[in-house]
Amino acid sequence: MDKPPKDRKLSIALEPREIQEERLFSPSAGRNKDFIAEAFGALMRDCRNIVEIASGTGEHAIAICKARPNLHYFPSDPDPQSRRSIEAWRRHENMQQQIAAALDIDSRRSDWIENFNGVDGIVCINMIHIAPFAACEGLFKGAGKLLPVGGKLFLYGPFMREGETAPSNLDFDRSLKSRNPDWGVRDIDRALVPLAHENGMVLTSIRPMPANNHVLIFKKD
Ligand SMILES: C[S@@+](CC[C@H](N)C(=O)[O-])C[C@H]1O[C@@H](n2cnc3c(N)ncnc32)[C@H](O)[C@@H]1O
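Computed from a predicted model, the values in this text were never measured in an experiment.

**So, the overall build of the chain**
Here comes step 1: The helix and strand inventory of the chain stands at 6 helices and 11 strands.
Here comes step 2: The C-alpha atoms of the chain give 16 Å as radius of gyration, which agrees with the globular expectation for 221 residues (17 Å, within 12%).
Here comes step 3: Seen through its C-alpha atoms, the chain measures out along the principal axes to roughly 45 × 40 × 30 Å.
Here comes step 4: Within the chain, buried positions represent 41% of all 221 residues.
Here comes step 5: Restricting the contact set of the chain to residue pairs at least 6 apart, pairs at least 24 apart contribute 68%.

Written out as structure tokens, the structure is:
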């Protein structure tokens with residue numbers, strides 16, 4: 001298990017992140033990465049070529065790929081510090097063969113899918129509530145075009161169902177909106193399922209995760 005080293009500085013994102021050389025350590029990724037890797041293993045068993053949108057520090061890419069050495073994994077993030085962290089992590093773990101260099105992808109750009117070929121899975125962890133809804137729309141639009149029939153989109157985060165969710169997620173939603181009115185916990189039934197249908201995908205799994213989060217799987221129809 002990777003422990004943050006002692007000689008570390010702090011870098012401020014939505015949460016304070018520790019850093020050694022270029023590798024960032026996100027406290028939330030430290031808590032959830034093993035659960036997410038396990039859910040990925042169970043729900044994305046048939047996928048081999050994976051694009052990750054909004055990879056952040058890169059810790060999820062490492063955990064998922066360690067658990068599934070036969071994956072080809074393409075991380076990305078529009079934030080340069082995150083891309084440096086992903087690069088440092090893949091070198092530190094000697095996983096350059098399995099994990100490609102991180103690309104600069106903003107899912108709001110309609111051309112983001114042009115970077116890829118033969119992708120059968122897309123992963124997006126904790127992004128759609130901490131970005132304008134256009135980022136979520138761009139993710140689904142791209143996924144609908146890029147994935148083959150049967151390909152899957154794996155989403156992780158807090159979600160609402162018909163406007164309801166756990167009290168901690170409602171607090172989180174308020175705090176997100178106070179930082180940016182375009183951010184917020186997204187609604188599975190009112191927002192995500194209709195968006196999936198518009199883009200040729202269906203919701204096939206909802207898996208409860210620790211701390212009132214869920215994994216959602218959308219499959220290309
Ligand atoms: C809360 S962090 C999550 C990072 C990582 N997935 C995790 O769970 O630790 C949100 C990430 O979304 C990225 N992001 C924000 N807007 C985006 C967009 N429009 N397209 C792609 N990534 C975006 C940010 O750069 C940031 O790395």
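**What to know about the site of the ligand**
Here comes step 1: Inspection of the region around the ligand gives 23 residues, with Ala54, Gly56, Asn126, Ala131 and Ala135 positioned closest.
Here comes step 2: Split by residue class, the shell around the ligand holds 11 nonpolar, 8 polar and 4 charged.

**As for the sheet that holds strand β7 (residues 152-157)**
Here comes step 1: Taken in spatial order, the 6 strands of this open sheet run β5-β4-β6-β7-β11-β10, and their pairing is mixed. The sheet is open, and its two borders are formed by β5 (72-74) and β10 (201-209), each paired with just one other strand. For this sheet, the mean angle separating the axes of adjacent strands, direction not counted, is 20°.
Here comes step 2: Summarising the sheet, strand β4 (residues 49-53) and β5 pair through 3 bridges and their orientation is parallel. Residue Val51 lies in a different strand from β5, and its bridge partner there is Phe74.

**Quick word on the packing of helix α1 (residues 27-43) against helix α2 (residues 59-67)**
Here comes step 1: Taken N-terminus to C-terminus, the directions of α1 and α2 make an angle of 40°; their axes are 9 Å apart at the nearest point. In terms of orientation, α1 and α2 fall into the oblique class. As for how α1 packs across α2, the hand of that crossing is right-handed. Residues Ala29, Lys33, Asp34, Ile36, Ala37, Phe40 and Gly41 of α1 lie in contact with α2, whose contacting residues are Glu59, His60, Ala63, Ile64 and Ala67.

What counts, and at which threshold
- Residues numbered from 1 in each chain as written.
- Predicted model: local features only at pLDDT ≥ 70, side-chain atom pairs only at ≥ 80, totals over all residues.
- Helix = DSSP H or I, 4+ residues; strand = E, 2+ residues; numbered from the N terminus.
- Rg over C-alpha atoms; globule rule 2.2 N^0.38 Å.
- Buried ≥ 20, exposed ≤ 12 C-beta atoms within 10 Å, placed from the backbone.
- Contact = placed C-beta atoms within 7 Å.
- Near = placed C-beta within 6 Å.
- Nonpolar A, V, L, I, M, F, W, Y, C, P; charged D, E, K, R; others polar.
- Pairing = 2+ DSSP bridges.
- Axes fitted to C-alpha atoms, helices over the stretch in contact; angles between N-to-C directions.
- Parallel < 35°, antiparallel > 145°, perpendicular 65-115°, else oblique.
- Left-handed = near helix turned anticlockwise from the far one by under 90°.

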